[in-house]
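What follows is the residue order along each chain.
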Amino acid sequence: MDFMTDCDVQKVKDGYVVLDGLLSPQECDELRQRMTEIVEQMDVPEHCRTTFSTYHDEQLKTQGNADYFITSGDKIRFFFEKGVFDDKGEFIVPKNKSLNKVGHALHAYEPLFKKVTHSPRIQGIAKKMGKSRPVILQSMYIFKVGLQFMLTPHQDATFLYTEPLGRVMGVWIALEDATVNNGCLWFIPGSQKITHVSLILHKK
């Protein structure tokens, strides 16, 4: 049975649709627990202690020079909040409070995340949206609560460029109840039709 109905497809004219219950509570718990284990086991080399930002200048300074962010498409890497290391590169906050996100190939190398992202449910949604041969380009686990900065409004398609434009579809799965107070996704209805404005809003 298709998880996404024809009625849901019609709602996408505004650029988004909300699908309740995509994952079961047990699946959400398992993914959160696995990420807890990944964070506990991470051993981060000093040269990899890179903060994440959507600001262009900061990307060039902290990510481009280290080549850490740019070459993360086929790896599992850790991106940290600002101010979580001291001058010697040691953690000054607990590991589980230091991260902004983990990306970008969880779907390729972590069995639980692979099971979800390659599931018939996700494939069915993509196909309902007209993607005849959907391909997963990247996946990430974002730690919303407690972030030190708010992601700037942005279009995901500017990071995952395609020709023609607009072939990228994002699936944002909340593993906890998402509200305006704890990091839900914000979206400008209809903005997917305008290529020169920011599209997706992530708010603390």
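Quantities reported herein were computed from a predicted structural model and do not represent experimental measurements.

Rules used throughout
- Residues numbered from 1 in each chain as written.
- Predicted model: local features only at pLDDT ≥ 70, side-chain atom pairs only at ≥ 80, totals over all residues.
- Heavy atoms only, no water.
- Phe/Tyr/Trp six-rings, centres within 6.5 Å; stacked < 30°, edge-to-face > 60°.
- Buried < 20%, exposed > 50% of the residue type's maximum accessible area, 1.4 Å probe, protein only.
- Lys NZ or Arg CZ within 6 Å of the ring centre and 35° of its normal.
- Patch = residues over 30% accessible without salt bridge, like charges linked within 9 Å, V, L, I, M, F, W, Y side chains within 5 Å.
- Areas by Shrake-Rupley, 256 points an atom, 1.4 Å probe, with all protein chains shown as cover.
- Salt bridge = Lys/Arg side-chain N within 4 Å of Asp/Glu carboxyl O.
- Helix = DSSP H or I, 4+ residues; strand = E, 2+ residues; numbered from the N terminus.
- Pairing = 2+ DSSP bridges.
- Axes fitted to C-alpha atoms, helices over the stretch in contact; angles between N-to-C directions.
- Contact = heavy atoms within 4.5 Å.

A.B. asks: So what exactly am I meant to see when it comes to the packing of aromatic side chains here?
C.D. replies: Two aromatic rings are characterised by how far apart their centres lie and by the angle between their planes. Applying the stated rule across the entire model yields eight aromatic pairs. Centroid distance Phe80 to Phe85: 5.0 Å. Interplanar angle 75°. Geometry classified as edge-to-face. Here Phe80 falls in the buried class, since its relative accessible area comes to 0%. Ring geometry for Tyr141 against Phe143: centres 5.1 Å apart, planes inclined by 50°, an arrangement best described as tilted. One exposure class covers both Tyr141 and Phe143, and it is buried. Residue placement shows Lys101 over the ring face of Phe79; its charged tip is 5.4 Å from the ring centre.

A.B. asks: What's the story with a nonpolar patch on the surface in this structure? I'm lost.
C.D. replies: Taken together, the side chains of Met169, Val171 and Ile173 make up a nonpolar region of the molecular surface, amounting to roughly 210 Å² of accessible area. Secondary-structure assignment places Ile173 in the loop between strand E3 (139-142) and strand E4 (185-187).

A.B. asks: Any chance you could explain the sheet that holds E3 here in plain terms?
C.D. replies: As a general point, the strands of a sheet are linked pairwise by backbone hydrogen bonds and lie either parallel or antiparallel. Taking strand neighbours across the sheet as the criterion, the three strands line up as E1-E2-E3 in an open arrangement whose pairing is antiparallel. Bordering the open sheet on either side are strand E1 (76-80) and E3, each of which pairs with just one other strand. The sheet shows a mean angle of 20° between the axes of neighbouring strands, taken without regard to direction. In this sheet, strand E2 (residues 99-104) lies alongside E1 in antiparallel orientation, the contact comprising five bridges. Looking at the pairing, Phe79 lines up with Lys101 of E2. Contacts from helix H2 (residues 25-41) reach E1, E2 and E3, with the element oriented near 85° to E3.

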